[in-house]
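An overview of the molecular structure
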Amino acid sequence: MASKQTFSDSDTADEAVRATCDDASICKRFATSKGYWTDLYLQYFVRQIGERKAPEINRGYYARVRAVNNLLDDFLKKTQCHCQVVNFGAGLDTTFWRLKDENIMPKKYFEVDFPMIVARKIHNIKTKPPLSKPLVETHSTDSLHLDGHSLDSDRYCIISADLRDLPTLEDKLRKFHINPELPTLFLSECVLVYMTSEQSSNLVRWISDTFPTAMFINYEQVNMDDRFGHIMIENLQRRQCNLAGVDVCQSLDSQKERFLSTGWESVEALDMMMVYSMLPQEDVARIENLEFLDEKELLHQLLQHYCICWAVKDKLNLGLSQIGF
């Protein structure tokens, strides 16, 4: 890829991106401790609850988790779990364990992340029985493939790879038996924005070319060309977090165009303020009673600067374009 060199040369930039894994996990740990949603497994990756997070942050993560789970679970229903899931930049995400508990596991669940994060996650799984036991229960032989930078079982696989290096990514996914003919859901949360627009377009084009029946869920920033967006960018830059792909985050239309221009059949996108208003309002009322929110305007601004975008290709005519809110 032509533009890979400029970004890959910056170890500081990659390190700052890796640090966002901890940020998200710590925020989710605090929100679950307050009762925004239930996650029985995050405690085994993030032991300490940590310092208090602002209510608008907790509500933002609530909306994010609910929205992604809603689309993911709908995909699993449409495919009757005869499918694969690939979570890009998965970090310390616990979705595999939730899906097993709810008996809605796909044929195989893949995670991809930087080697350092993968090694840490594998260490936690190896040393925490509540994490390792579900893997053993869903595996048919006595031995799992396990080394410092990959884990592979019948139903769950963790791979270390750089999403900007497509040949290596493809090699590793094929090594661990991804099946392009199976309906496959790809998921990324605040991941593509750290790649150049050319790199992310190459990634989603490769998926479109390789997987005839697929869905891609992308959660990340939007409306970044206004004053609030500029402040968000400046705050991240102070932490050496370069939003290399921020040009795609100008609007919902620019988010959709990334997929429409790379072979996807249909694309939808909503800002998180709209999604928040479409979530089950009884549960929204419940979480709004957990903490007093003084600055509702700040919550609205935050939600208006994140979006969820989902694209589909549906060669098998499973009705994937009907998935939504």
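So, here's what we can say about the structure.

The rules behind each value
- Residues numbered from 1 in each chain as written.
- Predicted model: local features only at pLDDT ≥ 70, side-chain atom pairs only at ≥ 80, totals over all residues.
- Heavy atoms only, no water.
- Salt bridge = Lys/Arg side-chain N within 4 Å of Asp/Glu carboxyl O.
- Buried < 20%, exposed > 50% of the residue type's maximum accessible area, 1.4 Å probe, protein only.
- Core = buried A, V, L, I, M, F, W, Y, C linked by side-chain atoms within 4.5 Å.
- Helix = DSSP H or I, 4+ residues; strand = E, 2+ residues; numbered from the N terminus.
- Contact = heavy atoms within 4.5 Å.
- Axes fitted to C-alpha atoms, helices over the stretch in contact; angles between N-to-C directions.
- Parallel < 35°, antiparallel > 145°, perpendicular 65-115°, else oblique.
- Nonpolar A, V, L, I, M, F, W, Y, C, P; charged D, E, K, R; others polar.
- Left-handed = near helix turned anticlockwise from the far one by under 90°.

We now examine the pattern of salt bridges. Per the stated rule, a full pass over the model turns up 18 salt bridges. The partner of R98 in a salt bridge is E102, and the shortest N-O contact between them spans 3.0 Å. The class for R98 is buried, based on a relative accessible area of 19%. Shared partners join several salt bridges into a network, and the residues in it are R66, D283 and R286.

Attention now moves to the nonpolar core. Within the largest apolar cluster, 59 residues are counted, with the highest numbers of intra-cluster contacts made by W97, I125, Y156, M215 and I308. When residues in this core are grouped by element, the largest group, 10 residues, is from helix α3 (residues 55–78). In this structure, I125 is in contact with F45, W97, L131, S132, L135, L151, Y156 and I158, ignoring residues within four places of it in sequence.

All right, on to the packing of helix α5 (residues 115–127) against helix α6 (residues 129–137) then. Relative orientation of the contacting elements α5 and α6 amounts to 85 degrees, with a least axis distance of 5 Å. In terms of orientation, α5 lies roughly perpendicular with respect to α6. Where α5 approaches α6, its residues N124, I125 and T127 are matched on the opposing element by P129, L131, S132 and L135. Partitioning the contact of α5 with α6 into residue classes produces 4 nonpolar, 3 polar and no charged.

With that out of the way, let us pick up the packing of α3 against helix α13 (residues 296–304). The geometry of α3 relative to α13 is characterised by a closest axis approach of 10 Å and an angle of 35 degrees between their N-to-C directions. With respect to the hand of their crossing, α3 and α13 are arranged in right-handed fashion. Between α3 and α13, the residues in contact are E56, I57, R59, G60 and A63 and L298, L299, L302 and L303, respectively. Residue composition of the contact of α3 with α13, grouped by class: 6 nonpolar, 1 polar and 2 charged.

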